[in-house]
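Fold and geometry: a report
What follows is the residue order along each chain.
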Amino acid sequence: MLRQILSAAFLSFVALCAFAQEAEIQKAVEARLGIKVESVTKAGYLGLYEVYADGNIFYTDEKVTAMLIGGDMIRAPQALNLVDLKTNRNITDERMRKLNAIKFSDLPLDQAVKQVRGNGKRVIATFEDPNCGYCKRLAKDLQKLENVTIYTFLYPILSEDSLKKSRQIWCSADRNKAWLDWIIDGKQPGGRDNCDTSAVSKNQEFGRRLNITGTPTIIFADGERVPGAVPLATLEQKLSQQK
């Protein structure tokens, strides 16, 4: 019994020391680089610590004497990839997927154009700019999906024309039809753009908070965020995993 108590106490002490070390690293990185650090955890390799900040992962030692980064961290941050050579796993990519995950229930679905196909049991959300070429490619693949509900967040980030089209689509009597007419068939949305378009503005603000910098960005039910127009087979594979 005494051994168990001592063992538990030792583990608690180790955990407390680790927490204190991570807090010190966070404080030091923020002070030296002037950025907000979201989390610090042991990377599990080479005695390094993973630092998650500004939507990127970096690595440093326990004394913050050096960092593994790519490019100019202040003006053009780009994280290096940490790869497990035994398993060929990209540790950085796996962690980024987890850290960038978004709870589907946290999405403001009332601000999205909703499309239901079949029974609509499977769900997927996208952030799209009306003038995005890759979004047009994705839209055609989405039309091939069955039994799915698609939430499209109008996310104009390319131009003023993108903003105008987004507002016109949102002001349409049938938003889904207006969206598909444009993104699939190239039919100009037309109509007014001076209704209550606060949803579009809120989408822009929400996307910025999530560091969504490109379109399309796809969010699956499990929270995984994927940038770009992924292949139809990948969409089907992810959707088939939904219960």
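Below is a short write-up of the structure. In this text the structure is predicted, and so the values were computed from the model without any measurement.

On to the pairing of strand β10 (residues 122–128), then. With seven of its seven residues buried, β10 lies for the most part within the structure. Judged by which residues are buried, β10 turns out to be covered on both faces: R122, I124, T126 and E128 on one side and V123, A125 and F127 on the other are all buried. Bridge analysis of β10 against strand β11 (residues 148–154) gives seven bridges, and the strand direction is parallel. The residue bridging A125 from the neighbouring strand is Y151, located in β11. Between the parallel elements β10 and β11, the chain passes through helix α3 (residues 133–142) in a crossover that is right-handed.

All right, on to the packing of aromatic side chains then. Applying the stated criterion to the full structure yields four aromatic pairs. Centre to centre, the rings of F127 and F153 are 4.7 Å apart; their planes meet at 10 degrees, and the pair counts as stacked. Taken together, the positions of F127 in strand β10 and F153 in strand β11 put the pair 26 residues apart, joining distant regions of the chain. Exposure remark for F127: the relative accessible area of 0% places this residue in the buried category. A relative accessible area of 0% means that F153 is categorised as buried.

A word on the sheet that holds strand β13 (residues 225–227). Read from one edge of the open sheet, five strands run β9-β11-β10-β12-β13, paired in mixed fashion. Of all strands in the sheet, those bounded by a partner on one side alone are β9 (113–117) and β13. Averaged over all adjacent pairs, the angle separating strand axes in this sheet is 20 degrees, with direction ignored. Sheet topology places β10 next to strand β12 (residues 217–220); four bridges connect them, and they run antiparallel. Bridge assignment links I124 to a residue of β12, and that residue is F220.

What counts, and at which threshold
- Residues numbered from 1 in each chain as written.
- Predicted model: local features only at pLDDT ≥ 70, side-chain atom pairs only at ≥ 80, totals over all residues.
- Heavy atoms only, no water.
- Buried < 20%, exposed > 50% of the residue type's maximum accessible area, 1.4 Å probe, protein only.
- Helix = DSSP H or I, 4+ residues; strand = E, 2+ residues; numbered from the N terminus.
- Pairing = 2+ DSSP bridges.
- Right-handed = clockwise from strand over helix to strand, strands pointing away.
- Phe/Tyr/Trp six-rings, centres within 6.5 Å; stacked < 30°, edge-to-face > 60°.
- Axes fitted to C-alpha atoms, helices over the stretch in contact; angles between N-to-C directions.

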